[in-house]
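Residue strings, one per chain:
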Amino acid sequence: MLKYILSLCLFFNTLILANDFEDFEQEYQKKEVKDSFYTYNKAMSKFNYDLYTYFLRPVALSYKSITPSFIRTGVKNAFDTTRSPFRFINHLLSLEFRKAGEEFGRFCVNVIFGFGLLDSASKTPLKSYEADFGTTLGKWGVGSGPHLVLPFLGPYNVRDALALSVNWFMVPEGYIENFWVGVGVNAALKLNELSFEYEKIDDIYQNSVDYYTFIRDAYEQRRQELIK
């Protein structure tokens, strides 16, 4: 059971990619990616694909079928609100004070007027910008290194993989005393998110000639865009 909970917690980096693929397909330009671990990456990508197809997707669909939409939406908004300080800190570390100010403003609006469960800030001009410690390192001049597919997590590169431990302690679950309880909370939140995003992930897997290459190139280009 712990293995499955950990799988749910860790695999969902694919969700981040899914949110950006529609725009990516329109502006995609072929770019060579350093793939020193190609054989390993291909095998691990297949493992993650099987995990999604035979376990994560069926669980997400079952969850969706028994959970009212308004509850799933509230949980999704709460999940995003808890990540707002995480993005705020990384904008500050990157000296991007305008983005930090907008993120702080969104957090205040959503907490005060939406009680953390409504995306009230979407009705304002304030925008949210993706950020994590991997992008912060990139803005500090740290190179990405070779592409690296991690079990359960999906596509990364060496720099972003090294940033994972810092990312964990920038979210509330990282401070739950019992590690496995924190993992379980994170898994539940991301299972909820997957119930909204599985169709996009299906499209990536089913309509790509080579899903490994597509996901790899999309991930690296997206990360490069975020650190500009």
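What comes next is a walk through the structure. None of these values were measured; they are calculated from a predicted model. (Residues numbered from 1 in each chain as written. Predicted model: local features only at pLDDT ≥ 70, side-chain atom pairs only at ≥ 80, totals over all residues. Heavy atoms only, no water.)

Once that is clear, we can look at the overall build of the protein chain. Helices and strands together make up the secondary structure of the protein chain, namely 10 helices and two strands. The order of α-helices and β-strands along the protein chain, N terminus first, is α-α-α-α-α-α-β-β-α-α-α-α. For the protein chain, buried positions account for 48% of its 228 residues. Of the contacts made within the protein chain by residues no fewer than 6 positions apart, 75% connect residues no fewer than 24 positions apart. Put simply, the protein chain shows about 12,000 Å² of open surface, and 64% of that area lies on carbon and sulfur atoms. (Helix = DSSP H or I, 4+ residues; strand = E, 2+ residues; numbered from the N terminus. Buried < 20%, exposed > 50% of the residue type's maximum accessible area, 1.4 Å probe, protein only. Contact = heavy atoms within 4.5 Å. Areas by Shrake-Rupley, 256 points an atom, 1.4 Å probe, with all protein chains shown as cover.)

Turning our eyes to something else, we now look at the pattern of salt bridges. Two side chains carrying opposite charge are able to pair once their charged atoms lie near each other. Counted according to the given criterion, the structure contains 19 salt bridges. Measuring nitrogen to oxygen at the nearest pair gives 3.4 Å for the salt bridge that ties Asp80 to Arg87. Taking the relative accessible area as the measure of exposure, Asp80 reaches 29% and is therefore partly exposed. Put simply, Arg222 and Glu130 hold a salt bridge, and the shortest N to O gap is 3.4 Å. Of the two residues, Arg222 is situated in helix 10 (residues 211–226) and Glu130 in the loop between helix 5 (97–114) and helix 6 (133–139); the sequence distance between them amounts to 92 residues. The partly exposed category is assigned to Arg222, whose relative accessible area is 26%. Note on Glu130: relative accessible area 26%, which makes it partly exposed. (Salt bridge = Lys/Arg side-chain N within 4 Å of Asp/Glu carboxyl O.)

Another aspect to go through is unusual backbone geometry. Located in the positive-phi region is Leu95, a residue other than glycine, with phi close to 65°. With respect to the helices and strands, the residue Leu95 is situated in the loop between helix 4 (69–93) and helix 5. The phi torsion at Phe115 lies on the positive side, around 55°, for a residue other than glycine. Mapped onto the elements of the fold, Phe115 is located in the loop between helix 5 and helix 6. Residue classification places Phe115 among the exposed positions, given a relative accessible area of 67%.

Side-chain alternation along strand 1 (residues 147–150) places His147 and Val149 on one buried face and Leu148 and Leu150 on a second face that is also buried. Across four bridges, the pairing between strand 1 and strand 2 (residues 154–157) is antiparallel. Opposite Val149, over in strand 2, you have Pro155 as the bridge partner. Linking strand 1 to strand 2, which pair antiparallel, is a turn of three residues; within it Phe152 sits at a positive phi near 75°. (Pairing = 2+ DSSP bridges.)

For helix 4, spanning 25 residues, the distance from its first C-alpha to its last is 36 Å, which sits close to the expected 36 Å at 1.5 Å a residue. Of all the bends in helix 4, the largest measures some 30° and sits at Arg83, one to four residues before the proline Pro85. Turning to helix 4, its buried residues number three or more, namely Arg72, Gly74, Asn77, Phe79, Thr81, Arg83, Ser84, Phe86, Arg87, Asn90 and His91. Of the surrounding secondary structure, the elements contacted by the buried residues of helix 4 are helix 3 (38–66), helix 5, helix 6, helix 8 (164–168) and helix 9 (179–207). (Expected span 1.5 Å × (residues − 1). Bend = angle between axes of the 7 residues up to and from the residue.)

Fair warning: the whole summary comes from geometry, so function is off the table for now.
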